[in-house]
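So the chains spell out like this:
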There are 2 protein chains.
Amino acid sequence: MNYSSELIKGTLKTIVLKLLADNKKMYGYEITQTVKEQTLDKILITEGALYPTLHSLEADGLVTTEIEFIGKRVRKYYRLSPQGKIKTKEKVSELADFMNTMKFLLNIKTKTV
Amino acid sequence: MNYSSELIKGTLKTIVLKLLADNKKMYGYEITQTVKEQTLDKILITEGALYPTLHSLEADGLVTTEIEFIGKRVRKYYRLSPQGKIKTKEKVSELADFMNTMKFLLNIKTKTV
DNA sequence: CAAATATACATAAGTTTCTTATGTATACAA
DNA sequence: TTGTATACATAAGAAACTTATGTATATTTG
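Residues numbered from 1 in each chain as written. Chains lettered and ligands numbered in written order. Predicted model: local features only at pLDDT ≥ 70, side-chain atom pairs only at ≥ 80, totals over all residues. Heavy atoms only, no water.

Engineer: Got a sec to walk through the confidence of the model for chain A? Specific residues and values, please.
Structural biologist: Here chain A shows a mean pLDDT of 90. Residues at 70 or above account for 90%. Across chain A, the element-wise mean pLDDT spans from 74 in helix H1 (residues 5-8) of chain A up to 97 in strand S1 (residues 25-27) of chain A. (pLDDT = per-residue confidence, 0-100. Helix = DSSP H or I, 4+ residues; strand = E, 2+ residues; numbered from the N terminus.)

Engineer: Let's hear about the relation of the copies chain B and chain A: which residues, and what values?
Structural biologist: Take chain B, turn it by 180°, move it 0.0 Å along the axis, and it overlays chain A with an RMSD of 0.0 Å. Each copy turns onto its partner about a two-fold axis. A share of 100% of interface residues in chain B that are also interface residues in chain A marks the association as one of identical surfaces. (Least-squares fit on C-alpha atoms with pLDDT ≥ 70 in both. Contact = heavy atoms within 4.5 Å.)

Engineer: Explain the protein's contact with DNA strand C to me, and be specific about the residues and the numbers.
Structural biologist: Around DNA strand C sit 23 residues, and of these Arg73(A), Tyr27(B), Tyr29(B), Arg73(B) and Arg75(B) come closest. For DNA strand C, the fraction of atoms within 4 Å of the protein that belong to sugar or phosphate moieties is 69%. Between DNA strand C and Arg73(A), the relevant distance is 2.6 Å, taken from a base oxygen to a side-chain nitrogen or oxygen of the residue. Elements represented by at least two residues in the surface near DNA strand C include exactly helix H4 (47-59) of chain A together with helix H3 (28-38), helix H4 (47-59) and strand S3 (73-80) of chain B. It is H4(B) that provides the largest number of residues to the surface near DNA strand C, a total of 5 residues. (Near = heavy atom within 4 Å. Polar contact = N/O pair within 3.5 Å; in protein donor to acceptor, adjacent residues only side chain to side chain.)

Engineer: Before we move on, can you summarise the sheet that holds strand S3 (residues 73-80) of chain A with the specific residues and values?
Structural biologist: All names here are of chain A. Read from one edge to the other, the open sheet built from 3 strands follows the order S1-S3-S2, with strand pairing classed as antiparallel. In this open sheet, the two edge strands, each paired with only one partner strand, are S1 and strand S2 (63-70). Going from strand to strand, the sheet's axes swing by 35° on average, the running direction of each strand aside. Sheet topology note: the S2/S3 ladder contains 8 bridges and is antiparallel. (Pairing = 2+ DSSP bridges. Axes fitted to C-alpha atoms, helices over the stretch in contact; angles between N-to-C directions.)

Engineer: How would you explain the protein's contact with DNA strand D if you had to name every residue and give the values?
Structural biologist: Around DNA strand D, the surrounding shell holds 23 residues, and the nearest of these are Tyr27(A), Tyr29(A), Arg73(A), Arg75(A) and Arg73(B). Measuring from a base oxygen of DNA strand D, one finds a side-chain N or O atom of Arg73(A) at 2.8 Å. Take Lys76(A): an N or O atom from its side chain is 2.9 Å from a phosphate oxygen of DNA strand D. Elements with a minimum of two residues in the surface near DNA strand D: helix H3 (28-38), H4 and S3 of chain A together with H4 of chain B. With 5 residues, H4(A) is the single largest residue contributor to the surface near DNA strand D. Its residues assigned to classes, the surface near DNA strand D comprises 7 nonpolar, 9 polar and 7 charged. (Nonpolar A, V, L, I, M, F, W, Y, C, P; charged D, E, K, R; others polar.)

Engineer: Account for the pattern of salt bridges, with residues named and values stated.
Structural biologist: All names here are of chain A. Applying the stated rule across the entire model yields 10 salt bridges over all chains. One salt bridge in this structure joins Lys-18 and Asp-22, with 3.6 Å as the shortest N-O distance. Here Lys-18 pairs with Asp-22, and both are found in helix H2 (residues 12-23), just 4 residues apart, close to one helical turn. In terms of burial, Lys-18 and Asp-22 fall into one category: buried. Measuring nitrogen to oxygen at the nearest pair gives 3.4 Å for the salt bridge that ties Glu-68 to Lys-25. Taken together, the residues span a long stretch of sequence, with Glu-68 in strand S2 and Lys-25 in strand S1 at a distance of 43 residues. Residue classification places Lys-25 among the partly exposed residues on the basis of a relative accessible area of 27%. (Salt bridge = Lys/Arg side-chain N within 4 Å of Asp/Glu carboxyl O. Buried < 20%, exposed > 50% of the residue type's maximum accessible area, 1.4 Å probe, protein only.)

Here it is, written out as structure tokens:
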């Protein structure tokens, strides 16, 4: 059973950047499959969400692209730019920090007056 | 320095429900201030986000409301309904699960082929 | 005591970011 | 040959915010 989609909102860019940081280069479909496998089908990235995100990362200069042909079929590989590497560190540490804060907040039992 | 707002998206309802679960009853402004204090200004809930969320929780039957007057000023207290208590447990455990999954995903070094 | 700030509610327009739907095309398996 | 998988893309619509605005009372501060 996968997560209610609003949870994934806001984390997609970070997920994509981190995967690219760990795998040198990846193409869109590969990203969807990797996330699906690694999260045991809990996080399913739709193409309608992923491709615009990748295009936006490219427009922001965070990734570069390379076209590759597998037979007649096209593949578009994405790779982090230097700025992309910096941005990835920022986003990942921000998310880690946020998760710590949330963990703390959700464990609070009583309001401190 | 507070979090980029897209991170908070999708977690607001869960935060509000959990606070109500821990504090019996709370009013809107109190929720914003409590979150601000507990997170050391890292999570700032805007009124434009909070009030529609509270109204939506009420419309869904997850909370009940009571008006209270402090002098001439009105306060609207929110309290979990029985369904609200159930929903809170679901949302909190879903978020905890999601955070574990994200933590795992963001630590992966190499793609497992 | 006037002005600024804090308390306390609310809504509405606009933006972002997703979902859902659709489209195109190749490759492979049944 | 039919369905499924691979692989890209975009567009309409929905959800959930931000930002701006509005109203009103209470308190602090210069």
